[in-house]
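A closer look at the structure
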There are 2 protein chains.
Amino acid sequence: MHELINGLIMNNLKNGILERMDDSAIMENMHAGRIAMTTDSYVVNPMFFRGGDIGRLCISGTVNDLATSGAIPYALSLSFILEEGMDIGELERIVKSIASTATEAGVRIVTGDTKVVEKGKGDGLYINTCGIGHIPDGVDISTYNAKENDDVIITGYMGNHEVAMVKARELIDFDIDVESDVAPLNKKIEALLKKNVDIHCIKDPTRGGVASALFEIAEHSKCETTIQEDALPVHPGVRSVCEIVGYDPLYLANEGKYIIICPSGSTKDVLLEFGKDAKVIGKVGKTGEARLLYETAYGGIRRMGMLETTQLPRIC
Amino acid sequence: MHELINGLIMNNLKNGILERMDDSAIMENMHAGRIAMTTDSYVVNPMFFRGGDIGRLCISGTVNDLATSGAIPYALSLSFILEEGMDIGELERIVKSIASTATEAGVRIVTGDTKVVEKGKGDGLYINTCGIGHIPDGVDISTYNAKENDDVIITGYMGNHEVAMVKARELIDFDIDVESDVAPLNKKIEALLKKNVDIHCIKDPTRGGVASALFEIAEHSKCETTIQEDALPVHPGVRSVCEIVGYDPLYLANEGKYIIICPSGSTKDVLLEFGKDAKVIGKVGKTGEARLLYETAYGGIRRMGMLETTQLPRIC
């Protein structure tokens, strides 16, 4: 089984470094200076869903986390925990999805590992990826950097990934036409940084959604942030599900969206890079105290917090 | 549960970088030049065994893999896949073991992740670690570098980890006094490199043991290697188990040992650094063809290959 898996991986992902199969991968010419490092394990259930699969998810999640600090992804590791009896055809589809997403993101997989556990001690496949990237000189992007009067942008529709997972698990029995948004976004950040667009914060609103991510930024930057109900971009299919099931799209997970906080002079460039569904949804207010405020279409204001209730497990 | 786990991790592992809890960890002042990267998932069963546990194993395995290329471990990531119902007391012991082993190895954990899966979809705890390290200028250590007349050294008794796992799983019912050798070895390699000791290859003889590791080196360096039966260091407890069960200690896994291949002028320094159980077990012969030869105490010679039979699963 190990040989079969190694064969699959080598055929689809091989490069000069991975091929050496040494205990550690060696990379030449690392830039001096700051590097970013991030890891996630992926236990998504089911492994295939509308718009993506665990393979696309693990590469996107890792490069997207790296790019939140402005890092340019440099190398990824890839580790599989396989349950005995995993369908090899499915595994091959996943490895091919990893390969195509890595190509799309412009990143290579340099080292990996495979472990097999007994039937009933896993669930098909768990994947861990870890990524490192180089942060260009002069770039300073962090959730601690939001400033008064900054614009708050969401780069597209909210909640598509989580609603696609609800549908994939057949937890709702009506037809909806919602795909997961899972996608690598690092190239777009790279393009903005190349144009010297000034960005203060980038955050990946995964589990807990846009509201939890904004709350964390407010806490880190000790600022008040107000978002406007009527500015929030929500796909009609996601809106239907939310109305019927009672979800709030602000708390639904995304896997191909960023919250970007920037001075208003940068807003046009950010919106242009991310396309027509990207919207300014709010504004950073005064600093000093962390508060997330929600202004309804009728002008009412309420405070929001982190996601507290138990949510769908294993969405990523 | 997530909060409890995060609390445990922060209390035991916190440092300035991990504490920021950003989507990616930022590290300053990375050296320019070559870096090494390695990853492993740990699914060892049981999680606690004589001489160690999954926590000590995951840190040791990662720093040991990094040091095989002469890299000085710089930062590690740590990711947990927890099965619902995992005992929190056990988890705390494991996190403390991770902390003390990381301190021993002189490495920090800068980023992490925790996922929880349903009961019956995991097995207590699976851990993934990924590590990066900087390779000092002038260091060139690789399994591709064995040269004719080099000495082959094993840095201590062979097979202790795997025999400890056999015992921990109660697969044998007699008393043996064998502990796993799991330990971080990077500081010893660092000390040798600081003294400019010339080393050609370092290899971690984990699954498949010393023989499989030597066979891989022979293939990578295209050389003949001969090892001497009467030079092999084997703990009496391991020898007893091998005699009774029919294991060959050359194929048993180690988690705190290195094979070091070096010019004979370096041998004294290597043996001194690793202590009295480190032994020269053989010699690299002529290059051109990959062959691993075993010379018995009676002078007979046979060829050896990689481990082929199915071995104990989940030993790391």
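Going along each chain's sequence as written, the residues are numbered from 1 onward. Labels are handed out in written order, letters beginning with A for the chains and numbers beginning with 1 for the ligands. Side-chain atom pairs in this predicted model are given and counted only at pLDDT of 80 or more, local residue features only at pLDDT of at least 70, and totals for whole chains, interfaces and linings cover all residues. Note that water and hydrogens are dropped before the side-chain values are worked out from all heavy atoms of the structure.

**Here's the deal with the overall build of chain A**
The following threshold applies: Strands here mean DSSP runs of E at least two residues long; helices mean DSSP runs of H or I at least four residues long; both are numbered from the N terminus. To sort residues, take the accessible area from a 1.4 Å probe on protein chains only and compare it with the maximum for the residue type: under 20% means buried, over 50% means exposed, and anything in between is partly exposed. Contacts are residue-level and defined by heavy atoms, with any inter-residue pair within 4.5 Å sufficient. For the accessible areas, the method is Shrake-Rupley and the probe is 1.4 Å, while residue cover comes only from the protein chains on display. Counted charges follow a simple rule, with Lys and Arg positive, Asp and Glu negative, and His plus the chain ends left uncounted. Every charge is mapped to an atom, namely NZ of Lys, CZ of Arg, CG of Asp or CD of Glu.
Regarding its fold elements, chain A presents eight helices and 14 strands. Its C-alpha atoms give chain A principal-axis dimensions of roughly 60 × 50 × 30 Å. With 316 residues in all, chain A has 61% of them scored as buried. Considering only contacts within chain A whose residues lie at least 6 apart along the sequence, 87% involve residues at least 24 apart. Summing over all exposed atoms, chain A offers an accessible surface of approximately 12200 Å²; the carbon and sulfur share of this is 48%. For chain A, the separation between the mean place of its 32 positive charges and that of its 46 negative charges on side chains is 3 Å.

**Considerations on empty space enclosed by the protein**
Counted only if it meets this: Cavity and pocket criteria rest on a 1 Å grid covering protein atoms alone: a 1.4 Å probe that fits but cannot get out defines a cavity, protein on both sides within 12 Å along at least 5 of 7 lines defines an open pocket, and an atom within 4 Å of a point defines a lining residue. Grid points are joined across faces, edges and corners, and a volume is the space filled by probe spheres set on the points. Three residue categories are used. Nonpolar comprises Ala, Val, Leu, Ile, Met, Phe, Trp, Tyr, Cys and Pro, charged comprises Asp, Glu, Lys and Arg, and polar comprises the others, including Gly.
Enumeration over the complete set of coordinates arrives at two cavities of 30 Å³ or more. Its volume calculated, the largest cavity comes out at about 40 Å³. Lining the largest cavity, in full, are Ser41(A), Ser79(A), Ile81(A), Tyr126(A), Ile127(A), Asn128(A), Ser41(B), Ser79(B), Ile81(B), Tyr126(B), Ile127(B) and Asn128(B). When contributions to the lining of the largest cavity are tallied by element, the ones reaching two or more residues are strand E5 (72–83) and strand E7 (125–134) of chain A together with strand E5 (72–83) and strand E7 (125–134) of chain B. The class makeup of the residues in the lining of the largest cavity is six nonpolar, six polar and no charged. By volume, the second largest cavity amounts to about 30 Å³. As for the second largest cavity, its lining consists of Ala67(B), Gly70(B), Ala71(B), Ile72(B), Pro73(B), Asn186(B), Ile189(B), Glu190(B) and Leu193(B).

**Points about the environment of Pro46(A)**
All names here are of chain A. Along the chain, Pro 46 turns up in the loop between strand E2 (33–42) and strand E3 (48–49). Among the residues examined, Pro 46 registers a relative accessible area of 23% and is labelled partly exposed. Each residue touching Pro 46, except ones within four places of it in the same chain, is listed here: Met 165, Ala 168 and Arg 169.

**Section: the side chain of Asn128(A)**
Quick note on the threshold: As used in this structure description, the phrase polar contact means that two N or O atoms lie within 3.5 Å; if the pair is within protein, one of them must be able to donate a hydrogen and the other to accept it, and residues adjacent in sequence are counted only when both atoms belong to side chains.
Examined against the element boundaries, Asn128(A) turns out to sit in strand E7. Only 3.2 Å separates the side chain of Asn128(A) from the backbone oxygen of Asp40(A), close enough to count as a polar contact. Here Ser79(B) takes part through its side chain, which lies 3.4 Å from a polar atom of the side chain of Asn128(A). With sequence-adjacent residues up to four places away left out, Asn128(A) is seen in contact with Thr39(A), Asp40(A), Ser41(A), Ser77(A), Leu78(A), Ser79(A), Ser79(B) and Asn128(B).

**What about the packing of aromatic side chains?**
Put simply, the rule is: Any pair of Phe, Tyr and Trp rings, taking the six-membered ring for Trp, is counted once the centres come within 6.5 Å. Such a pair is stacked with planes under 30 degrees apart, edge-to-face with planes over 60 apart, and tilted for the rest. In this scheme, the term charge over a ring applies when either NZ of a lysine or CZ of an arginine sits within 6 Å of the ring centre and within 35 degrees of the ring normal.
Tallied over the full model, the rule gives zero aromatic pairs over all chains. Looking at Lys115(A), its charged tip hangs above the ring of Tyr42(B), at a distance of 5.7 Å from the centre. Its end group placed over the ring of Tyr74(B), Arg108(B) keeps NZ or CZ at 5.0 Å from the ring centre.

**Points about the sheet that holds strand E6 (residues 109–117) of chain A**
What counts is decided by this rule: Here, strands pair whenever DSSP counts at least two bridges between them. With axes taken as lines fitted to C-alpha atoms, and helix axes fitted only over the stretch in contact, angles between N-to-C directions fall between 0 and 180 degrees.
Spatially, the five strands line up as an open sheet ordered E6(A)-E5(A)-E7(A)-E2(A)-E1(B), and their pairing is mixed. Because the sheet does not close on itself, it has two edges, and the strands there are E6 of chain A together with strand E1 (25–30) of chain B. Mean inter-strand twist for the sheet, computed between neighbouring axes without regard to direction, equals 15°. Looking at chain direction, E5(A) and E7(A) are connected through 10 bridges and run antiparallel. Opposite Ser79(A), over in E7(A), you have Asn128(A) as the bridge partner. Taken strand by strand, helix H1 (residues 2–13) of chain A contacts E5 and E6 of chain A, and its axis lies near 155° from that of E6(A). Taken strand by strand, helix H2 (residues 54–67) of chain A contacts E2, E5, E6 and E7 of chain A, and its axis lies near 150° from that of E2(A).

**Regarding the relation of the copies chain B and chain A**
Which entries qualify depends on this criterion: Our superposition of the copies is a least-squares fit, built on the C-alpha atoms of residues whose pLDDT is at least 70 in both.
In screw terms, the move from chain B to chain A is a rotation of 180° and a rise of 0.0 Å along the axis, fitting with an RMSD of 0.0 Å. Such values leave the two copies arranged in the relation of a two-fold axis. Relative to the rotation axis, the closest C-alpha in chain B is found at Ala32(B), a distance of 2.0 Å.

**Focus: the environment of Thr101(B)**
Residues and elements named next belong to chain B. For Thr 101, the position within the fold is in helix H3 (residues 88–105). For the pair Thr 101 and Ile 59, spaced 42 residues apart in sequence, the C-alpha separation works out to 6.5 Å. Those residues in contact with Thr 101 that sit more than four places away from it in its chain are Arg 56, Ile 59, Ser 60 and Pro 184.

**Considering the sheet that holds strand E9 (residues 201–203) of chain B**
Residues and elements named next belong to chain B. Spatially, the seven strands line up as an open sheet ordered E9-E11-E8-E12-E10-E13-E14, and their pairing is mixed. If you trace the sheet from one side to the other, it starts and ends with E9 and strand E14 (301–304), each paired once. Averaged over all pairs of adjacent strands, the angle between strand axes in this sheet comes to 25°, irrespective of strand direction. Pairing of E9 with strand E11 (residues 259–262) involves three bridges; the strand directions are antiparallel. In the sheet register, Cys 201 faces E11, and the bridge partner there is Ile 261. Each of strand E8 (151–154), E11 and strand E12 (279–287) touches helix H8 (residues 264–274); the most contacted strand, E11, lies at about 150° to it.

**Structural notes on the domain arrangement of chain A**
Residues and elements named next belong to chain A. We count it as follows: The split of the chain into domains comes from an automatic or database domain assignment. Reported buried area values correspond to the accessible surface (1.4 Å probe) lost by two parts on association, with both partners' losses combined. Note on definitions: salt bridges are taken to be side-chain nitrogens of Lys or Arg within 4 Å of carboxyl oxygens of Asp or Glu.
By the assigned domains, chain A splits into domain 1 (2–20 + 31–134) and domain 2 (151–304). Inter-centroid distance (C-alpha atoms) of domain 1 to domain 2 is 26 Å. At the junction of the two partners, domain 1 supplies 23 residues and domain 2 supplies 25 residues. Sorting the residues of domain 1 by area buried against domain 2 places Arg 50, Asn 64 and Thr 68 first, and these three jointly supply 31% of that buried surface. Put simply, domain 1 and domain 2 have two salt bridges between them. Between Glu 179 and Arg 50 there is a salt bridge; the shortest N-O distance is 3.6 Å.

**Some remarks on the packing of H1(A) against helix H3 (residues 88–105) of chain A**
All names here are of chain A. Under the convention used in this document: Should an angle fall under 35 degrees it is taken as roughly parallel, and over 145 as roughly antiparallel, whereas 65 to 115 is taken as roughly perpendicular and any remaining angle as oblique. Handedness of a helix crossing follows the sense of rotation of the near helix relative to the far helix, less than a right angle counterclockwise being left-handed and clockwise being right-handed.
Between H1 and H3, the least distance of the axes is 9 Å, while the angle of their chain directions is 30°. In this view, H1 runs roughly parallel relative to H3, as classed from their interaxial angle. The chirality of how H1 crosses H3 is right-handed. For the pair H1 and H3, contact is made by Leu 4, Ile 5, Leu 8, Ile 9, Asn 12 and Leu 13 and by Ile 88, Leu 91, Glu 92, Val 95, Lys 96, Ile 98 and Ala 99, respectively. Residues belonging to the contact of H1 with H3 are distributed by class as follows: 10 nonpolar, one polar and two charged.

**Things to note about a nonpolar patch on the surface**
This is how it is decided: Surface patches are drawn from residues lacking salt bridges whose relative accessible area is over 30%; two like charges belong together within 9 Å, two nonpolar side chains (Val, Leu, Ile, Met, Phe, Trp, Tyr) within 5 Å.
A cluster of nonpolar side chains, namely Met1(B), Leu4(B) and Ile88(B), defines an oily patch on the protein surface of about 250 Å² accessible area. Its location among the elements puts Ile88(B) in helix H3.

**Some remarks on the interface of chain B and chain A**
Across the boundary between the two partners, chain B contributes 63 residues, which contact 62 residues of chain A. Summing both partners gives a buried area of about 4600 Å² for chain B against chain A, and 54% of it is carried by carbon and sulfur. On inspection of chain B and its partner chain A, the count reaches eight salt bridges. Close ionic contact of Arg314(A) with Glu118(B) constitutes a salt bridge, the shortest N to O distance being 2.7 Å.

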